Amino acid sequence: MHKDDQALIFEISKPGRIGYSLPEMDVPEIDINELIPAGYLREEEPELPEVSELDIMRHYTALSNRNHGVDSGFYPLGSCTMKYNPKINENVARYPGFAHLHPLQDESSVQGALELMYDLQEHLIEITGMDQVTLQPAAGAHGEWTALMMVRAFHEANGDHKRTKVLIPDSAHGTNPASATVAGFETITVKSGENGLVDLDDLRRVVGEDTAALMLTNPNTLGLFEEDILEMAEIVHAAGGKLYYDGANLNAVMSKARPGDMGFDLVHLNLHKTFTGPHGGGGPGSGPVGVKADLIPFLPKPVLVKQGDQFVLDYDRPQSIGRVKPYYGNFGINVRAYTYIRTMGPDGLKAVTEYAVLNANYMMRRLQESYDLPFDRHCKHEFVLSGKRQKKLGVRTLDIAKRLLDFGYHPPTIYFPLNVEECIMIEPTETESKETLDAFCDAMIQIAKEAEVNPEIVQEAPHNTVIGRLDETLAARKPVLRYQKQ
Amino acid sequence: MKHRYLPMTETDKQEMLETIGVNSIDELFSDIPERVRFKGEYNIKPKKTETALMKELTQMAQKNADLRSHTSFLGAGVYDHYMPVIVDHVLSRSEFYTAYTPYQPEISQGELQAIFEFQSMICELTGMDVANSSMYDGGTALAEAAMLSAGQTRRKKVLISSAVHPEAKEVVKTYAKGQYIEVIEIPHKDGITDVAALKDMINDEIASVIVQYPNFFGRIEPLKELEEIIHAQKSLFVVSSNPLSLGALTPPGKLGADIVAGDAQPFGIPTAFGGPHCGYFAVTNKLMRKVPGRLVGQTVDEEGRRGFVLTLQAREQHIRRDKATSNICSNQALNALAASVAMTALGKNGVKEMAISNIQKAHYAKEAFKTKGFEIAFEGPSFNEFVVKLNASVKDVNKKLLEKGMIGGYDLGRDYSDLKNHMLVAVTELRTKEEIDTFVNEMGDYHA
Ligand SMILES: Cc1ncc(COP(=O)(O)O)c(C=O)c1O
């Protein structure tokens, strides 16, 4: 072990210490060998840590100090909408009447929870311009797959079995093609044009009788609004396909354009992005799906409906694609999203989008001299730069990202989308102040200068993090994926 | 407008518009075609102040009968357990909960190490070689296991025991439809997977056999016996398992499982009306490169310091796109952290003690029901659940119990047409002798 290494919890374990206080065993005990069949009673104990409560708190506090969150500092990670996570959300989600409900309790005893879910659905229906919403999917990718399963069920219900292909622009997030595969489709890539938007000619070339759907992100992952959206919708619909909206970028268009009005038939939202469910270090999320009327019969079951003044889970859905998740979705995240929407109101959500877009455009203009700007037009909530000028100087985008760590920032998303060389994708969000945006831009400009005059400082970054660049090749070649007692 | 989450002032805004070179924010939206432009504001509820909103939502929460104010005997896959108080204190550290996926390892070592520890603990409990960083939940984890098995064996049929959680079974079937995999149910006999039926049904077209241990009725499946039958056909053996039970039961990894999946909810994760919980996924070394989702691995930096990174990413959607092993991206990281803290607090001794406490208390309750004249369906060794036969509908009985401040067990008639009036009762370490006695008493004369 290196002297600077952070101990694993297993390495501070000491036989004889405990960190728990279990309820009393107040029933008469029977010899356990009489209760468990021979061969099924565990012989060797699992090597779990033996530590005191303070040991635990110190350990995880030390770990948290080695982690950067939105609360630690600016986090302009493109496509991830790293906005402030309101604290009221955390409180509300912990109310016993929400946190400690069992999903299989009698419906009459959970009317408050069902009411919240129902009202959240109603709000999301208005926000997306769709006709119905399911809260069941656990995250964005899960929502994509759920929606595509519905597309399949829709076509099959029409006796249309030849629609085996899903069209996906080259700038799409990786989950789009992956979800299409899991839903049993073949994916066809649609090219983007010079302007970063879907190439309509290419779309016309690949669309056809075998098209099940087109998956589109709008604004796309370059932060650009697909201006030809109505034409695209026409092309796909004329061919008999469905139009699917990846709502990961909804922060850019709230109160400005609704997927339902743009011609989309299905949409998923990432409540853990636009609607402030915290990212939790990678999850949990929530990925509700909204649909137009003709797809309602195929929604996953149960469907939450209102009968009189009662909220009821409807299981009698013969055309449903089935369940996509046990119970009713990531309720705890849905509570947070609902709290957020109710905190903002209609004028608040409109302001959110306006400031998200203002902030992104401001940063783009401040940085356009120092970095290549592949698409010189108004962006939406995020924008991409290219580090190809710096690359010629021997400084890669990865180096720029690592150098930003020295300034206390989480770097932007890099090398995505794939159709921009040395891509740097910046999404500031609306919750950051002008001072923060300026300081970050100053750092980016300084790094661009360093790349010219002192490239080593960038190439060798980071200089003041708890650890340097890690050997990823070693990690993959000789995988060590768990601690094992020597 | 002014809002506590929106820091831009009017002056800021003017300066920024000037830098951009436009006169108004509206101009920035000029690329949205007029025909699709949304005019005005959403027709949704007006915003509320912090205090007013908390008041409204407190009242909404209070309409629900929660497990803090009621005594619960409901399980069926989601359990009311001891949650060490420290878990929520760790979870509330916002360096964890406001972070994204640890894509920049230099400033994400905390999360990465916590997940590495989670993977290690899941391996220890399940007896498997490799565990991933989490799945959405137990149901989707099982579905991923079915898909993995089909890919690995190039076979298109999966057998699933009817004693697997009904909702997990439904999720497996939905995913299977997507992949053109046929799912066939193995009947249960007296609450245990019917071994004779399995022998008849299995052949070299079966990708995997899925059983649950302890199963949905609380019974302990004879994994050893099943394993021999399954592996004789080179099918994969998939076991869905409540990880808490593995504090006391022989881990599936020791009994020949190829994939162990399930939900870590019993470890420090609130029931939360069914989610978010925390799926886990563990495999043998042989299947390491087929695992869905994120994996954290150990490595070193230039100075030889130990560090952790996301690894073997060539399996994942952001690299492989349509060829990825799964479409999962966001997972349940924060709940994996919760489970890790709970497993740490319980530790080697506590996990065993808690598991055995569940067995003992459930056994006590079972005997108390018998003494009272109730018949136990599927009698035999069980973990923390068992089935009681009633002479009335479970729904009606539960309504009566609710009036007494109790949440009764699960109505098996919902999923099994031959089990009408059968209640699946869960008794965890949280239930006191007094609560159990009261519950059995209140069940009164509902015995069949
Ligand atoms: C554009 C886009 N689509 C889909 C996803 C997938 O969402 P999730 O991670 O919730 O599965 C993401 C998230 O990274 C995204 O940015």
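Predicted model, so just to flag it, every value in this text is computed and none were measured.

1. Considering the UniProt feature "domain: Glycine cleavage system P-protein N-terminal" (unreviewed entry) in chain B
Right, on to step 1. UniProt feature "domain: Glycine cleavage system P-protein N-terminal" (unreviewed entry): in the numbering of this structure it lies at residues 3-441 of chain B.
Right, on to step 2. Between the C-alpha atoms that bound residues 3-441 of chain B the distance is 55 Å, and the span itself is 36% helix and 15% strand.

2. What about the packing of aromatic side chains?
Right, on to step 1. Per the stated rule, a full pass over the model turns up 27 aromatic pairs over all chains.
Right, on to step 2. Ring centres of Phe 10 of chain A and Tyr 483 of chain A lie 4.7 Å apart, and the angle between their planes is 5°; this geometry places the pair in the stacked category. A residue pair is termed long-range when its members are at least 10 positions apart, and Phe 10 of chain A in the segment before α1 (32-35) and Tyr 483 of chain A in the segment after α15 (472-477) qualify at 473 residues. Each member of the pair, Phe 10 of chain A together with Tyr 483 of chain A, is buried.
Right, on to step 3. Aromatic side chains Phe 74 of chain A and Tyr 409 of chain A sit 6.2 Å apart centroid to centroid with 85° between the ring planes, which places their arrangement in the edge-to-face category. Linking Phe 74 of chain A in the loop between α2 (53-65) and α3 (87-93) with Tyr 409 of chain A in the loop between α12 (397-406) and β11 (413-414), this pair joins segments that are 335 residues apart in sequence.
Right, on to step 4. A residue is classified by how much of its surface remains accessible, and Phe 74 of chain A, at 4% relative accessible area, is buried.
Right, on to step 5. A network of ring pairs unites the aromatic residues Tyr 95, Phe 98, Tyr 328 and Phe 331 of chain A together with Phe 273 of chain B as a single cluster.
Right, on to step 6. One cation-aromatic arrangement involves Lys 242 of chain A over Phe 154 of chain A; the distance from NZ or CZ to the ring centre is 4.2 Å.
Right, on to step 7. The ring of Phe 29 of chain B carries Lys 256 of chain A above its face, with NZ or CZ at 4.8 Å from the centroid.

3. Examining the domain arrangement of chain A
All names here are of chain A.
Right, on to step 1. The domain boundaries assigned to chain A delineate domain 1 (1-66), domain 2 (88-343) and domain 3 (353-473).
Right, on to step 2. Look at where the C-alpha atoms of domain 2 and domain 3 centre, and you get two points 31 Å apart.
Right, on to step 3. Facing 25 residues of domain 2, the contacting portion of domain 3 comprises 19 residues.
Right, on to step 4. Overall, the association of domain 2 and domain 3 removes approximately 1,600 Å² of surface from exposure, summing both partners, and the carbon and sulfur fraction of that is 55%.
Right, on to step 5. Where domain 2 packs against domain 3, one counts 2 salt bridges.
Right, on to step 6. Between Glu 227 and Arg 377 there is a salt bridge, with the nearest N and O atoms lying 3.2 Å from each other.
Right, on to step 7. Applying the counting criterion to the domain 2 and domain 3 interface returns 8 residue pairs in polar contact (both at pLDDT 80 or more).

4. A short note on helix α5 (residues 109-126) of chain B
Right, on to step 1. The terminal C-alpha atoms of α5 of chain B, which comprises 18 residues, lie 26 Å apart, in line with the 26 Å expected from a rise of 1.5 Å per residue.
Right, on to step 2. Gly 127 of chain B occupies a position one or two residues after α5 of chain B and carries a positive phi of about 75°.

5. Some points on the sheet that holds strand β16 (residues 410-411) of chain B
To summarise the sheet geometry, strands pair through backbone hydrogen bonds and adopt either a parallel or an antiparallel arrangement.
All names here are of chain B.
Right, on to step 1. Taken in spatial order, the 4 strands make up an open sheet running β13-β14-β17-β16, and their pairing is antiparallel. In this open sheet, the two edge strands, each paired with only one partner strand, are β13 (376-377) and β16.
Right, on to step 2. Note: β16 against strand β17 (residues 422-426), 2 bridges, orientation antiparallel. Across the sheet, Tyr 410 pairs through a bridge with Leu 424, a residue of β17.
Right, on to step 3. Strand contacts of helix α11 (residues 333-371): β13 and β14 (385-389), with the helix running at about 10° to β14, the strand carrying the most contacts.
Right, on to step 4. Running at roughly 45° to β17, helix α12 (residues 394-403) makes contact with β16 and β17 of the sheet.

Rules behind the numbers
- Residues numbered from 1 in each chain as written.
- Chains lettered and ligands numbered in written order.
- Predicted model: local features only at pLDDT ≥ 70, side-chain atom pairs only at ≥ 80, totals over all residues.
- Heavy atoms only, no water.
- UniProt positions renumbered as here; feature names shortened; annotations may be inferred.
- Helix = DSSP H or I, 4+ residues; strand = E, 2+ residues; numbered from the N terminus.
- Phe/Tyr/Trp six-rings, centres within 6.5 Å; stacked < 30°, edge-to-face > 60°.
- Buried < 20%, exposed > 50% of the residue type's maximum accessible area, 1.4 Å probe, protein only.
- Lys NZ or Arg CZ within 6 Å of the ring centre and 35° of its normal.
- Domains from an automatic or database assignment.
- Contact = heavy atoms within 4.5 Å.
- Buried area = accessible area lost by both parts, 1.4 Å probe.
- Salt bridge = Lys/Arg side-chain N within 4 Å of Asp/Glu carboxyl O.
- Polar contact = N/O pair within 3.5 Å; in protein donor to acceptor, adjacent residues only side chain to side chain.
- Expected span 1.5 Å × (residues − 1).
- Pairing = 2+ DSSP bridges.
- Axes fitted to C-alpha atoms, helices over the stretch in contact; angles between N-to-C directions.

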